[in-house]
Amino acid sequence: CVVVTTSSWSESRGTLSMFQRDKKSKWQKRGLTIPVMVGKQGLAYGRGVTDIDEAMAPMKKEGDNKSPAGIFRLRYVFGYGAKNPGTKMPYLVLNDDIFAVDDPKSRHYNELVDRSKTTDPDWHHAEKMILKDNRYQWGVFVEHNYPPVPGAGSCIFLHVWKTPTTATTGCTAMAAMSLVDLIRWLDPKQAPLLIQMPQSLYNKVRKNCDLPP
């Protein structure tokens with residue numbers, strides 16, 4: 001699992017740690033804790049693999065500039081390079097025809113879609129995945145809001161940060177070298193998860209959810 005924590009719901013700076021275990025062992029930390037940036041407005045509770053009872057948490061919405069808090073599956077890796085960067089995860093090569101659909105009215109909401117292979121594209125707005133910067137040079141698709149509920153937030157990634165102090169519009173960003181190390185470590189056979197929340201909530205639910213210490 002990949003654990004991201006922040007000091008509060010409104011904080012954009014966070015830290016990321018990686019943990020692993022087998023059926024007989026306790027959680028073991030892998031590597032160093034690294035800095036990350038999350039949403040400009042911090043975190044909001046998202047739709048993940050389990051519900052966490054936190055009545056006071058803000059709820060994730062499309063366009064709120066908040067990253068989702070909760071526990072989420074990691075679906076696949078993507079990148080600009082035609083060659084697999086060494087990940088065991090499914091790998092999607094990005095091109096100029098691939099868009100991240102954030103239009104809640106589209107049947108492709110919360111998906112990366114190849115426009116050249118799509119009959120009758122129905123979205124009114126979507127983000128191009130090949131950009132002038134290297135933000136999506138490498139990335140991991142986070143399975144937030146799946147199956148999609150319109151307006152609950154879409155196309156959440158782990159990706160390369162613009163700068164070490166630039167917050168995101170809802171993703172989790174880090175240095176390129178750190179992200180490459182992470183995606184080379186991820187293994188779909190181990191059912192990798194992103195666990196992302198304020199430290200206070202993490203401390204509250206850690207034991208009941210069997211999360212790393």
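Located above this text is the structure these notes cover.
Structure report, in brief.

1. Some points on the pattern of salt bridges
Then, in step 1: Taken as a whole and assessed by the stated rule, the structure comprises eight salt bridges.
Then, in step 2: A salt bridge links D64 to K60; the shortest N-O distance between them is 2.7 Å. Residues D64 and K60 agree in their burial class; the two are buried.
Then, in step 3: Among the ionic pairs, R75 bridges to E143, the shortest N-O distance being 3.3 Å. Of this pair, R75 sits in strand β5 (residues 67-79) while E143 is found in strand β10 (residues 138-143), placing the two residues 68 residues apart along the sequence.
Then, in step 4: For R75, a relative accessible area of 26% puts it in the partly exposed group.
Then, in step 5: Residue E143 is classed as buried on the basis of its relative accessible area, which comes to 16%.
Then, in step 6: What you see here is one network of salt bridges that share partners, running through R73, R75 and E143.

2. With respect to the packing of aromatic side chains
Then, in step 1: For the structure shown, the criterion picks out six aromatic pairs.
Then, in step 2: A centroid spacing of 5.0 Å and a plane angle of 75° characterise the contact between F78 and F157, whose relative ring orientation is edge-to-face. Residue F78 is found in strand β5, and its partner F157 is found in strand β11 (residues 156-160); the two are separated by 79 residues along the sequence. Neither F78 nor F157 differs from the other in exposure class; each is buried.
Then, in step 3: Where Y91 meets W138, the ring centres are 6.5 Å apart and the plane angle is 40°; that geometry is what we call tilted. In this pair, Y91 sits in strand β6 (residues 91-93) while W138 sits in strand β10, placing the two residues 47 residues apart along the sequence. Summarising the burial analysis for this pair, Y91 and W138 share the class buried.
Then, in step 4: Taken together, the ring pairs connect Y76, F78, Y136, F141 and F157 into an aromatic cluster.
Then, in step 5: Positioned above the aromatic ring of Y146, the side-chain terminus of R75 is 4.5 Å from the ring centre.
Then, in step 6: Over the aromatic face of Y136 sits the side chain of R135, whose NZ or CZ is 5.6 Å from the ring centroid.

3. Some thoughts on the environment of I130
Then, in step 1: Summarising the element assignment, I130 is placed in the loop between β9 (126-128) and β10.
Then, in step 2: According to the relative accessible area criterion, I130 is partly exposed, its value standing at 25%.
Then, in step 3: Separated by 50 residues in the primary sequence, I130 and Y80 have C-alpha atoms spaced 7.4 Å apart.
Then, in step 4: Once residues lying within four places of it in the same chain are set aside, the contact partners of I130 are Y80, L94, N95 and D96.

4. Digging into the side chain of S12
Then, in step 1: Tracing the chain through its elements places S12 in the loop between β1 (2-6) and β2 (13-20).
Then, in step 2: From its side chain, S12 meets the backbone oxygen of G39 in a polar contact 2.7 Å long.
Then, in step 3: Ignoring any residue separated from it by four or fewer positions in sequence, one finds S12 in contact with V36, M37, V38, G39, K40, Q41, G42 and A167.

Cut-offs used in this document
- Residues numbered from 1 in each chain as written.
- Predicted model: local features only at pLDDT ≥ 70, side-chain atom pairs only at ≥ 80, totals over all residues.
- Heavy atoms only, no water.
- Salt bridge = Lys/Arg side-chain N within 4 Å of Asp/Glu carboxyl O.
- Buried < 20%, exposed > 50% of the residue type's maximum accessible area, 1.4 Å probe, protein only.
- Helix = DSSP H or I, 4+ residues; strand = E, 2+ residues; numbered from the N terminus.
- Phe/Tyr/Trp six-rings, centres within 6.5 Å; stacked < 30°, edge-to-face > 60°.
- Lys NZ or Arg CZ within 6 Å of the ring centre and 35° of its normal.
- Contact = heavy atoms within 4.5 Å.
- Polar contact = N/O pair within 3.5 Å; in protein donor to acceptor, adjacent residues only side chain to side chain.

From the geometry alone we can't say anything about function, so treat these as descriptive.
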